[in-house]
Amino acid sequence: MTAMELYAILPLLVLTAGIVLLMLQVAFFRSHNAAMMTTVTVLVTAILACLVVTGELRDTVSSLPATTMLLIDQQALFICVLLLLAAMAVAVLGHSYLRARQVVPSATDHPEAFYILLLLCLLGACTLVCASHFAIFFLALELISLALYPLLAFPLTGRAFQNDERGLAMESAIKYLLLSAIASALGLFGIALVYGATGALEFSAVAAAMSGQNVSAGLMQSGLALVLAAMAFKLSLVPFHLWTPDVYQGAPTPVTALIATVSKAAAVAILLRLMSVSGWSEASIIGSLLTLMAIASIVGGNLLALLQRDIKRLLAYSSIAHIGYLTVAFLINEQTLGGEAALYFLVAYVVTTLGAFAVISLVADNALSNGSTDPGEALAPFHIDYYTGLFWRSPLLGTCLAAMLLSLAGIPLTIGFIGKFYIFAAGVEGELWLVLGAVIVGSALGLFYYLRLLLTLFQRAPMPSVAGSSVLAIPVTGQLLLVLLSLTLLTLGVFPQPLINWLHALYT
Amino acid sequence: MLALLIALMATGGCFAPLVEKARPGGGRWLTLAILLAACALLLGEVAAFSPTRGTQPLDSLAAPDWWQQVSLPWIPRFGIRFSLALDGLSFALLLLTLAMGLFALLATWSQVKYRCGFFYANYLWVLAGIVGVFTAVDLFLFFFFWEVMLIPMLLLIAIWGYEARTAAAIKFFIFTQASSLLMLVAIIALVFIHYRATGEVTFAYEALLSSQRSPEAAYWLMLGFFVAFAVKLPSIPFHTWLPDAHTQAPTAGSILLAAILLKTGAYGLIRFVLPLFPEASQTFAPVAMALGAISVVYGAVLAFAQSDMKRLVAYSSVSHMGFVLLGIYAFNVVAFQGALVQLFAHGLSTAALFALVGRLQHQLHTRDMGHMGGLWSTLPRLSAFVLFFAVASLGLPGLGNFVAEFLVLLGAFGRSAPLAVFAALGMIGAAIYALVMVQRSLFGPPSAQVSSTPDAGALPQGLTDLSVREWLALLALALTLVFIGLRPQPLMDSVAPAIEKALAGEQAVTSKPVARSVPTTQEMTINTGGRP
């Protein structure tokens, strides 16, 4: 490895060093706040590292290879920054989550572990984004999953959590573990088949071999289809979505936000890279599979979301539908518009999803710290009825959640609208009228449940029976996070040009 | 000026809750002040610009002669600009918007009790969105405002509406949003076709006007636009949201919906569908006219069947807007002018009826005409206005609605006699439902609700006749209707260039001579009378 190669993977090195540092810190000094501060510092440093490397890229070449395993380019760095920012939001939410449950450092409770696992998950995600070789691709996928299992089951790690929370977390973690293992096995088998067909594992070498003549088409196509299935599991595209609602519902809400944003964004990024670098867009099977999965996800996700009364399950199905919309951008031949559309939609999705889960998480934390210790009521804060009249109880939370919902529904003034506009533009460019029809039908269905929830927020009489519903006190960091996310949502919804310029520059 | 107008109302909306918090009742006055300021701005515009308008050559049909426009880059990546422009049509509709905004505010001055500040914020935001719709000349911006005006309207219905408000609000929103997504696809497709032809990505109205597209593509795109506007208009079979939304909305919301929001659909047809797709619109005209004629009769029949007074007025809207659709697609100047006059006449008469019904509901707590009756003896002033606007709505000669419907039928007759005859049945239906409404609510023996006190001399509990403020507001509408009925010419003149523009394509298709200036109503009536 040359110095240049080490320099190129600076963000990954920073993250790795940060993890070690945090572990050492916890060994000598147990403090929840200090762990949180260190995490945020590491994340900020990693973002700075990304920016430094970006500057280097602009001066010299468009992409920096670090051995054959990793390839750092503008797109990868952009996604890394997005992931790191999302992780900061998750860290803030996690802090509030753990504080509300009085998880203090002790012999039985380990709040610091949350941050270590968070950073590990991030390391996996950032590595995945930069992968240019099927070996590292698989390693990174596994690293994300391995960090997520304990995070999903985090309530099992200490005494501070209530029983029903532990039960749900257990269910969610087991489900994710089993299905994720199956998906990994499928992916691994697919990689083996691709290797069998082409004799290469490097993305660019696979692409070169694919365009050559002496490749067994059947082997190649089945290999690609299996790898795609593994990705579809991460993205929870129909029919690989079965885990999503249960895992979303049972997991601690900050972890739900992490799965919904970081793990999916990383998968989108690597899929984008596979499409362009690895020549997947030429393989016919990928196109038809993606089309099918997009339509199934849009229609299925939205239809099932109609039935949900639990807000986390509702958002789970809505996220299935959203990834379905995003897939439309993969289906077109023109890489520039497709990539731009996918990334803009992704940014919109990440901001909005984080915002929505942030509100949910903070509301639930608040309900808990208000002392509704009645067993069986742990789910109540996630029930739609709990949100009745939220706008009048807490204008800030109400406004933010309303903005997030409007953005999810794709209404102008919000970033979600520009994202959807991009998807429509991509669909029209590719003349995918059937898929566009599904997007329109899906959006109309989606409106129904988003609006039902939105109007619940504005309902006149707040339910008096809800414990502690009169006052909603949320931590300052949480408020700051919400305001920042909402402002981003509005600013990029009204003045999208700066971000568009940035994304456009990635492809020209 | 235009941007300032929108900004004034939008920021005013943001301040309304704050003012209301600082001083209860302040939000209402702030709204009044802002609307008056906006009116002043708009009228200042006409004083400044109408003299120069006459000097511009009217025959440059390709280049629309805007009175004024602003254009700023917004999203250069897609050639999207923040472009607003004003012409006679926009001006007239803006005037209607602001006037109706003021009217609804005055007519429901003290009816809003719950969360006043937020109510007036939404109220101003709706109006700001509508002003944007009427002035945007960038298709993306148009779509933007088209959607933006819906959200506050949704909240107005959902928060301050009546018993089934949530369902009605969601239905209203899904209908309009789903159809407008079709329009969005059509807009983007239009831009891509233009891009492939010229290599330029732009959403500007004028650039897209001149671009060429294959007849088949044009037809599909036209349908995308048409559905969005037909939902808003509303026309059969997309009308089902309207009765619910109107019935459940608070009075001020009903007035805004009927008087202005429905007009955005007609405006879209006139501004976008006809000029952008002249040939396709020609091909589609028989279908659209048939839809219009069916709407007229169907709306009238259903209105007759209602016992809920507000629902009755809502269905009468379907009927009246059917005339607009019929007139627009008849493709001649007479019918077109009729359709435009109808926009204003319907706006005024229906707004007044909703205000009156809303007031009755506010005090009687019922909209059921079975529980009314004998109102004339207890509330003579209110009843007189109900009678006046009901007969205006049925098309009494001398009032605006008559002029409009007569012109539409006259023009449509030249195009398709059977449809015009069929639609004329709607006027009979209008007479029936309007008179039935008057009969059941105003006359007959007083019902229990109306005469709840044994003392015959005093008014029942909580029931009051019109106050001076309401009386003046309604009188202003009534006088305007009479004025339009007796002298529609100024209104027609102000919208004449828009008519020429909208019909220019059609005339190019059929290669008829272009009408340079619009003759007076009288002359035109004679002209068409001579036509086979």
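Keep in mind that this is a model prediction, so the values were computed, not measured. (Residues numbered from 1 in each chain as written. Chains lettered and ligands numbered in written order. Predicted model: local features only at pLDDT ≥ 70, side-chain atom pairs only at ≥ 80, totals over all residues. Heavy atoms only, no water.)

Undergrad: Where do I start with the UniProt feature "domain: NADH:quinone oxidoreductase/Mrp antiporter transmembrane" (unreviewed entry) in chain B in this structure?
TA: Taking the UniProt record as the reference, the feature "domain: NADH:quinone oxidoreductase/Mrp antiporter transmembrane" (unreviewed entry) is found at residues 136-424 of chain B. Between the end C-alpha atoms of residues 136-424 of chain B the distance is 35 Å, and the span holds 82% helix and 0% strand. (UniProt positions renumbered as here; feature names shortened; annotations may be inferred. Helix = DSSP H or I, 4+ residues; strand = E, 2+ residues; numbered from the N terminus.)

Undergrad: Help me understand the interface of chain B and chain A in this model?
TA: Many structure descriptions define interface size as the accessible area lost when the parts assemble. On the side of chain A, 38 residues touch chain B, which itself brings 38 residues to the contact. Taken together, the two surfaces of chain B and chain A that pack against each other cover about 3500 Å², and 80% of this comes from carbon and sulfur. Taken together, chain B and chain A are joined by three salt bridges. Here Glu431 of chain A and Arg196 of chain B are joined by a salt bridge, their closest N and O atoms 3.4 Å apart. Sorting the residues of the side of chain B that touches chain A by element identifies strand 1 (68-75), helix 5 (139-148), helix 6 (150-160) and helix 7 (165-198) of chain B as the ones contributing at least two each. Counted by class, the side of chain B that touches chain A contains 30 nonpolar, three polar and five charged residues. (Contact = heavy atoms within 4.5 Å. Buried area = accessible area lost by both parts, 1.4 Å probe. Salt bridge = Lys/Arg side-chain N within 4 Å of Asp/Glu carboxyl O. Nonpolar A, V, L, I, M, F, W, Y, C, P; charged D, E, K, R; others polar.)

Undergrad: Sorry, what's going on with the confidence of the model for chain B here?
TA: As a general rule, the predicted coordinates of low-pLDDT regions are not to be interpreted in detail. All names here are of chain B. In the predicted model, chain B carries a mean pLDDT of 82, and the fraction of residues at 70 or more is 88%. Confidence drops under a pLDDT of 50 for residues 51-63, and excluding neighbours within four residues, the segment shows 14 contacts in the predicted structure. The low-confidence segment residues 453-457 (pLDDT under 50) makes four contacts with residues lying over four places distant or belonging to another chain. (pLDDT = per-residue confidence, 0-100.)

Undergrad: Please explain unusual backbone geometry as it appears in this structure.
TA: Most peptide bonds take the trans form, and the phi angle of most residues other than glycine is negative. Cis peptide bonds are those with omega within 30 degrees of zero, and the linkage from Val238 of chain A to Pro239 of chain A qualifies with 5°. Here Pro239 of chain A lies in the loop between helix 9 (217-235) and helix 10 (244-250). Cis peptide bonds are those with omega within 30 degrees of zero, and the linkage from Leu233 of chain B to Pro234 of chain B qualifies with -15°. Residue position: Pro234 of chain B is located in the loop between helix 9 (215-232) and helix 10 (241-248). Despite not being glycine, Glu431 of chain A shows a phi value in the positive range, around 55°. Mapped onto the elements, Glu431 of chain A comes out in the loop between helix 17 (415-429) and helix 18 (433-457). A relative accessible area of 46% means that Glu431 of chain A is categorised as partly exposed. Phi angles above zero are rare outside glycine, and Phe331 of chain B is one such case at about 55°. With respect to the secondary-structure elements, Phe331 of chain B resides in the loop between helix 13 (309-329) and helix 14 (333-364). Given a relative accessible area of 4%, Phe331 of chain B falls into the buried group. (Buried < 20%, exposed > 50% of the residue type's maximum accessible area, 1.4 Å probe, protein only.)

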